[in-house]
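Per-entry structural report
Read off the chains here:
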Amino acid sequence: MVDIATRVYNHKWKIDPIVRSLIDTDFYKLLMCQSVFRNRPDTNVTFSLINRSKQIRLAELIDEGELREQLDHVRNLSLSRGESTWLRGNMFYGKRQMFRHDFMEFLEGLRLPDYHLEKRDGQYELTFEGKWPEVMLWEVPALAVIMELRSRAVLKDMGRFELQVLYARAMTRLWEKIQTLRKLPDLRIADFGTRRRHSFLWQDWAVQAMIEGLGTGFTGTSNCLVAMRRDIEAIGTNAHELPMVYAALAPDDETLRRAPYDVLADWHEEHEGNLRIILPDTYGTKGFLQRAPDWLAGWTGIRIDSGDPAEGAETAIRWWKERGEDPRDKLVIFSDGLDVDKIVELHQAFHGRVKVSFGWGTLLTNDFRGLVPDNGLSPFSLVCKAVAADGHPTIKLSDNPLKASGPAEEIRRYRRVFSVEDQQERPVVV
């Protein structure tokens, strides 16, 4: 097993680059990239880093030269022969050759496009612009780079023994969480923590701990590189990015109203089974389900990623019953800001009523709260979002208004078009 503390103490990034591979990314990004490559390959999209936790002044913590060095390293990455073979031949969600030949040829020749970096008011303005299938693959590595550079900045003056104690305490904390979770009957939980991980080495350690501690209750990881190395399932479906860009390209209100369903119609043509998971909250879950075409009720399940998770699950259960579906046959994936207490609570509330599953993110792969002075390693809310498509701003409403993004005037328009009424604010931790 890797001695993480010693590797951190040595501070040799060329031995430990933050992003080690083009597939050191989340599986859903590759699935979405193939869909975009097929359906919207010429759309120009801009992604931008957004730090929701303004009190974390990243440009004062992270050295610009180190940041550029890591980003330039990512730009030089390409698929290895072994990685390409794994993507082409491995079985994902029970299906071989999930990725088509033309998409694999595109991916094998890909180098990520250039980036634009500036400092402003103690923050980094980091943007990526280009053809959608190329630029979208910057999101996860960009977040991983920023998060780990922040961790390295906090740890850089610690001694060898201090680091050993720090990681021992963090390991103990995670193992105690795992011991609590292993008591849950029929547990299904996956690692969703790539984007805001403490580091690659720590995510890899956390996954190994989950494998040993939870056995078959651990269903896999969103991280493709870790999945390949540890011979476990790569987990993921789709994200808010797809409806946000489709909506931005809509020429009128009626086309805008249809956009979230156009996304899923394209997805329906490509995928089946457990890849048919609805993410309904981009423009409000209740309105989305009320207007949804009947064929969507036949999909496998729903992922709940904002708002009150119990309320979201109850809404989904009512909707399935109204459409003549048995909720006990449906999968509900909870994935918003989870930690062990909330996982236990939701499992107890919905086990037996639906098939319950969890995507455990930041507080699996980055829970160092209280372990260094001034909470210097506490996780914070950092995202990298598509902010424009073919010159039009992208909008996200969410079921939590604090997660809404985009120009205020367009947010008001989207709320009108999608009939989104008053929403309850919930703290955005991660």
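This text gives an overview of the structure that appears in the document. What you see is a predicted model; the values in this text were computed from it and never measured.

1. Side note on the overall build of the protein
- In terms of regular secondary structure, the protein is built from 18 helices and 13 strands.
- For 430 residues, the compact-globule formula gives about 22 Å, and the C-alpha radius of gyration of the protein, at 21 Å, lands near that figure.
- Dimensions of the protein, computed from the C-alpha atoms along their principal axes, are close to 60 × 50 × 45 Å.
- Relative to its full complement of 430 residues, the protein shows a buried share of 58%.
- Within the protein, contacts between residues at least 6 apart in sequence are counted, and of these 79% link residues at least 24 apart.
- As presented, the protein carries roughly 18000 Å² of accessible surface, and 45% of it is formed by carbon and sulfur atoms.
- Considering the protein, the positive charge centre built from 59 side chains and the negative charge centre built from 64 side chains are found 2 Å apart.

2. Things to note about the pattern of salt bridges
- One pass over the structure, following the stated rule, counts 34 salt bridges.
- The shortest N-O distance in the salt bridge between Arg197 and Asp24 comes to 3.0 Å. Within this pair, whereas Arg197 is found in the loop between β6 (189-191) and α10 (200-214), its partner Asp24 is found in the loop between α1 (4-10) and α2 (27-39), the two being separated by 173 residues in sequence. Neither Arg197 nor Asp24 differs from the other in exposure class; each is buried.

3. Quick word on the pairing of strand β5 (residues 123-131)
- The pairing of strand β1 (residues 44-51) with β5 spans 5 bridges and is antiparallel. Its bridge partner being in β5, Phe47 is matched across the sheet by Phe128.
- Pairing analysis gives 6 bridges linking strand β4 (residues 115-120) to β5, with the strands arranged antiparallel. Its bridge partner being in β5, Glu118 is matched across the sheet by Glu125.
- What sits between the antiparallel neighbours β4 and β5 is a turn of 2 residues, in which Asp121 has the positive phi angle 55 degrees.

4. Brief notes about a negative patch on the surface
- A cluster of acidic side chains, namely Asp63, Glu66, Glu69 and Asp72, defines a negative patch on the protein surface.
- When you line up the elements, Asp72 lands in helix α4 (residues 64-75).

5. With respect to the sheet that holds β6
- The sheet built from 6 strands is open, its strands ordered β7-β6-β11-β10-β9-β8 with parallel pairing. Two strands lie at the open edges of the sheet, namely β7 (218-221) and β8 (277-278), each paired on one side alone.
- As judged from the 3 bridges shared by β6 and strand β11 (residues 355-360), these two strands associate in the parallel manner. Each bridged residue has a counterpart across the sheet, and for Ala190 the counterpart in β11 is Gly359.
- Of the strands in this sheet, β6, β10 (331-334) and β11 are in contact with helix α16 (residues 340-350), which crosses β11 at around 170 degrees.

6. Structural notes on helix α9 (residues 160-181)
- Between its first and last C-alpha, α9 extends 32 Å over 22 residues, near the 32 Å set by a 1.5 Å rise per residue.
- Among the residues of α9, those classed as buried are Leu163, Leu166, Tyr167, Ala170, Leu174, Lys177, Ile178 and Leu181. Looking straight down α9, one finds that the buried residues subtend no more than 110 degrees of arc, so they occupy a single side. Along α9, the residues that are exposed and aim more than 90 degrees away from the buried face are Phe161 and Glu176.

7. A short note on the packing of helix α5 (residues 81-89) against helix α6 (residues 101-108)
- One can describe the packing of α5 onto α6 by two numbers: an axis separation of 11 Å at closest approach and a directional angle of 160 degrees. One way to sum up the angle between α5 and α6 is to call them roughly antiparallel. Pair α5 / α6 crosses with right-handed handedness. For the pair α5 and α6, contact is made by Ser84, Leu87 and Arg88 and by His101, Met104, Glu105, Leu107 and Glu108, respectively.
- Partitioning the contact of α5 with α6 into residue classes produces 3 nonpolar, 2 polar and 3 charged.

Criteria and cut-off values
Residues numbered from 1 in each chain as written. Predicted model: local features only at pLDDT ≥ 70, side-chain atom pairs only at ≥ 80, totals over all residues. Heavy atoms only, no water. Helix = DSSP H or I, 4+ residues; strand = E, 2+ residues; numbered from the N terminus. Rg over C-alpha atoms; globule rule 2.2 N^0.38 Å. Buried < 20%, exposed > 50% of the residue type's maximum accessible area, 1.4 Å probe, protein only. Contact = heavy atoms within 4.5 Å. Areas by Shrake-Rupley, 256 points an atom, 1.4 Å probe, with all protein chains shown as cover. Lys, Arg positive; Asp, Glu negative; His and termini not counted. Charge placed at Lys NZ, Arg CZ, Asp CG, Glu CD. Salt bridge = Lys/Arg side-chain N within 4 Å of Asp/Glu carboxyl O. Pairing = 2+ DSSP bridges. Patch = residues over 30% accessible without salt bridge, like charges linked within 9 Å, V, L, I, M, F, W, Y side chains within 5 Å. Axes fitted to C-alpha atoms, helices over the stretch in contact; angles between N-to-C directions. Expected span 1.5 Å × (residues − 1). Arc of directions from axis to C-beta. Parallel < 35°, antiparallel > 145°, perpendicular 65-115°, else oblique. Left-handed = near helix turned anticlockwise from the far one by under 90°. Nonpolar A, V, L, I, M, F, W, Y, C, P; charged D, E, K, R; others polar.

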